[in-house]
Amino acid sequence: MGKMIIGRYLPGKSLIHQLDPRCKFIATFIFVAIVFLANNWQTYLALTIFVLSAVLLSQVSLSFFIKGVRPMIFLIIFTVALQMLFTPGGHPFWQWGIFSLSALSIRNGLFIFMRFLLIIFISTLLTITTTPLQMADAVGAILKPLKIVHFPVEEVALMLSIALQFIPLLSDETTKIMNAQRARGVDFGDGSILRQIKAIIPILIPLFVSSFNIAYDLSIAMESRGYQGSENRSKYRQLKWHFQDSLVMLLFIVLTIILIILRS
Amino acid sequence: MAITFKDVTHVYQADGPLAFEGLSHVSFEIPTGSFSAIIGQTGSGKSTLVQHMNALLKPTSGTIQIGKRLITPETKNKHLKPLRQEVGMVFQFPEQQLFAETVLEDISFGPQNFGVDAATAKKIALQMLELVKLPASVADKSPFDLSGGQMRRVAIAGVLASKPQVLILDEPTAGLDPQGHEELMELFAQLHQQGKTIILISHQMEDVAQYAQQVLVMDQAHLVRTASPQSIFNDIEFLNQHHLMQPESTQFAQELVQKGFEFAQLPITETQIIRELLKQLGGLHG
């Protein structure tokens, strides 16, 4: 136990892993925005090459990215089908009532499919190469300007990182309690729905009790070590913006320009 | 019920990139009605090992024979209830499994799951309460209003209530006061005398020395030795190699050896050392 992967992070030492999480976060957002600039095969090709080289650089096997697509597959098929069947214009070579298929609609469907795939790949890249804690730090850092409007940025970042650190803890706890109740003869996932709902109670109550206990212990531990709100606190995990991070940002500007030039 | 492990390996997250072995080619036998202890450092695979004994975990390879039942990697999760009734398991800090509104309900939860009717289950629960030395007055209290030590007893009563033939105890006395510790160990010894097979995971070498007939030593997912407590606690080199301690009595006896005493075999319990010293000091008559 305790060695489980939180989220989907895969440990590694690749160039992508070493980038500043803020850089990766911003880059992912930029990418999701500029995907919408692409509207012909040249631009999609440029984006695909870009994403595939990023995947290659991360040294993570492609199968993990394909796994990332799987939960979304129905949404993708549904959207692509809608696009294909309802795009007006072009010469329909198949028509049935309001449904029609034309070269144009197939092209549109294909582009939408590519758009989904690219966005999923790039966000999977972010979650695979960044630990949840780095992610929480990055969110905290990016939200910092909101301090001007008295948004409690540090508290939110702290809450986020505590919540993330609780996930593996609670999951271990759940396994433990489920095992204990199984040993006392509970069958999970067996019997009528009513029985299955009833079987949840012996897990939920101990889980609530122990999470309250953990939270209580944590707050006592923080207070006894003099935690006084997060004003002017230095950080243990320092985020450092390196030259390579600036380079990535520059790369994104170049990519945006290429897309603008290539789009029709 | 005898338990036999044959070349059992368990790999956690077998498909993931972080796969690691929790058990590696473990073979041993626990005879019916015996008292066995499992010792080893934290993370050596003790808990993984015992969770195979009631099929909470299944082997990645190898087989486990529990009484008449054979557990293989292909064993389905269904129809394991009878096995879990026969093999009771007290987890580490079992008080965390309490959930019911009253102590009585919580103790009768196990038997009722195994098909005992409510009235009989209640009767059993009251007997168990007495067995773990709790006053009958706590029966209708909420388990969450009890002290930590009392909650532990309620949880243990909840496992005993299913009347298992094999009782697995994963550090059952961790964090208890000395009196509570002793009372519970006495209870387990008593259950052993009644014919139950007991398997105890413990870091308290004194308990291991005093109660166990057979000791299994785990280190880094491997079973490194199965032997009597006497022979294991006499093998200082082996103990050091696997970062284990001797019982206090043995440590004391060893210091006595340096002062000129001689023992054929180092005593491992208080009773043994006292008897031996009386003999050597000439105080034992008859």
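Since this is a predicted model, take the numbers as computed values, not measurements.

K.L.:
I would appreciate a short explanation of the overall build of chain A in the present structure.
P.N.:
What chain A contains, in helices and strands, is 10 helices and 2 strands. Helices and strands appear in chain A in the N-to-C order α-α-α-α-α-β-β-α-α-α-α-α. The C-alpha atoms of chain A give 24 Å as radius of gyration, which overshoots the globular expectation for 264 residues (18 Å, by more than 25%). In terms of its C-alpha atoms, chain A occupies a principal-axis envelope of roughly 70 × 55 × 40 Å. Evaluated residue by residue, chain A yields a buried proportion of 20% over its 264 residues. A separation of at least 24 residues holds for 76% of the contacts in chain A among residues at least 6 apart in sequence.

K.L.:
Before we go on, may I ask you to explain the pairing of strand S2 (residues 99–102) of chain A in this structure?
P.N.:
Regular strands place side chains that alternate from one sheet face to the opposite one. Residues and elements named next belong to chain A. Sheet analysis places strand S1 (residues 92–96) next to S2, joined by 4 bridges and oriented antiparallel. Counted as the bridge partner of Trp94 is Leu101 from S2. Connecting the antiparallel pair S1 and S2 is a turn made up of 2 residues, with Gly97 showing a positive phi of about 65°.

K.L.:
Teacher, can you tell me more about the interface of chain B and chain A here?
P.N.:
Facing 25 residues of chain B, the contacting portion of chain A comprises 20 residues. Where the side of chain B that touches chain A is concerned, the elements lending two or more residues are helix H2 (81–86), helix H3 (103–113) and helix H5 (148–160) of chain B. The class makeup of the residues in the side of chain B that touches chain A is 13 nonpolar, 10 polar and 2 charged.

K.L.:
Would you mind going over the packing of helix H10 (residues 248–258) of chain B against helix H11 (residues 270–281) of chain B with me for this structure?
P.N.:
Each pair of packed helices can be summarised by the angle the axes make with each other and by the distance between the axes. All names here are of chain B. For the pair H10 and H11, the least separation of the axes is 8 Å and the interaxial angle reads 30°. Compared by their axis directions, H10 and H11 come out roughly parallel. Of the two possible hands of crossing, H10 and H11 adopt the one that is left-handed. Between H10 and H11, the contacting residues are Ser249, Phe252 and Ala253 on the first element and Glu270, Gln272 and Ile273 on the second. Looking at side-chain class alone, the contact of H10 with H11 contains 3 nonpolar, 2 polar and 1 charged residues.

K.L.:
How should I be thinking about the confidence of the model for chain B in this particular structure?
P.N.:
Low-pLDDT stretches of the model should not have their predicted coordinates read in fine detail. Averaged over every residue, the pLDDT of chain B is 93; residues scoring 70 or more account for 99%. Model confidence for the complex is summarised by a pTM of 0.78, with the ipTM given as 0.89.

K.L.:
How should the sheet that holds strand S10 (residues 222–227) of chain B be read in this particular structure?
P.N.:
Two orientations exist for strands paired in a sheet by backbone hydrogen bonds: parallel and antiparallel. All names here are of chain B. Ordered by their spatial adjacency, 6 strands build an open sheet running S6-S7-S8-S3-S9-S10, and the pairing between neighbours is mixed. Every other strand in the sheet has two partners, leaving strand S6 (87–90) and S10 as the edge strands with one partner each. Averaged over all adjacent pairs, the angle separating strand axes in this sheet is 15°, with direction ignored. Both strand S7 (residues 166–170) and strand S8 (residues 197–201) contribute to a ladder of 5 bridges, which runs parallel. The residue of S8 that forms the bridge with Leu167 is Ile198. Along the sheet, helix H6 (residues 178–193) contacts strand S3 (35–39), S7 and S8; its crossing angle with S8, the most-contacted strand, is approximately 150°.

K.L.:
Hey, could you run me through the sheet that holds strand S5 (residues 69–71) of chain B in this one?
P.N.:
Residue and element names in this part refer to chain B. Within the open sheet, the 4 strands sit side by side as S2-S1-S4-S5. Their pairing is antiparallel. Since the sheet does not close on itself, it has two edges, and those belong to strand S2 (20–30) and S5, each with one partner. Each neighbouring strand pair of the sheet contributes to a mean axis angle of 20°, computed without reference to strand direction. As judged from the 5 bridges shared by strand S1 (residues 3–12) and strand S4 (residues 61–66), these two strands associate in the antiparallel manner. By the bridge assignment, Thr4 is partnered in S4 with Gln65.

K.L.:
Even after reading the chapter, I still don't get the packing of helix H2 (residues 21–34) of chain A against helix H6 (residues 103–129) of chain A, so can you show me in this structure?
P.N.:
Residues and elements named next belong to chain A. Contact pair H2 / H6: the axes reach a minimum separation of 10 Å and the direction vectors enclose 175°. Here H2 is positioned roughly antiparallel relative to H6, judged by the angle of their axes. Two secondary-structure elements touch here, H2 through Lys24, Thr28, Phe31 and Val32 and H6 through Ile119, Ile122, Ser123 and Leu126. Grouping the amino acids of the contact of H2 with H6 by side-chain chemistry returns 5 nonpolar, 2 polar and 1 charged.

K.L.:
Would you take a moment to explain unusual backbone geometry for this structure?
P.N.:
Note: most residues except glycine have negative phi, and most peptide bonds are trans. All names here are of chain B. The phi angle at Asp7 is positive, at roughly 50°, despite the residue not being glycine. Tracing the sequence through the fold places Asp7 in strand S1. Phi at Glu171 is positive, roughly 40°, even though this residue is not glycine. Examined against the element boundaries, Glu171 turns out to sit in the loop between S7 and H6. On the neighbour-count criterion, Glu171 (18 C-beta atoms within 10 Å) is partly exposed.

Conventions adopted
Residues numbered from 1 in each chain as written. Chains lettered and ligands numbered in written order. Predicted model: local features only at pLDDT ≥ 70, side-chain atom pairs only at ≥ 80, totals over all residues. Helix = DSSP H or I, 4+ residues; strand = E, 2+ residues; numbered from the N terminus. Rg over C-alpha atoms; globule rule 2.2 N^0.38 Å. Buried ≥ 20, exposed ≤ 12 C-beta atoms within 10 Å, placed from the backbone. Contact = placed C-beta atoms within 7 Å. Pairing = 2+ DSSP bridges. Nonpolar A, V, L, I, M, F, W, Y, C, P; charged D, E, K, R; others polar. Axes fitted to C-alpha atoms, helices over the stretch in contact; angles between N-to-C directions. Parallel < 35°, antiparallel > 145°, perpendicular 65-115°, else oblique. Left-handed = near helix turned anticlockwise from the far one by under 90°. pLDDT = per-residue confidence, 0-100.

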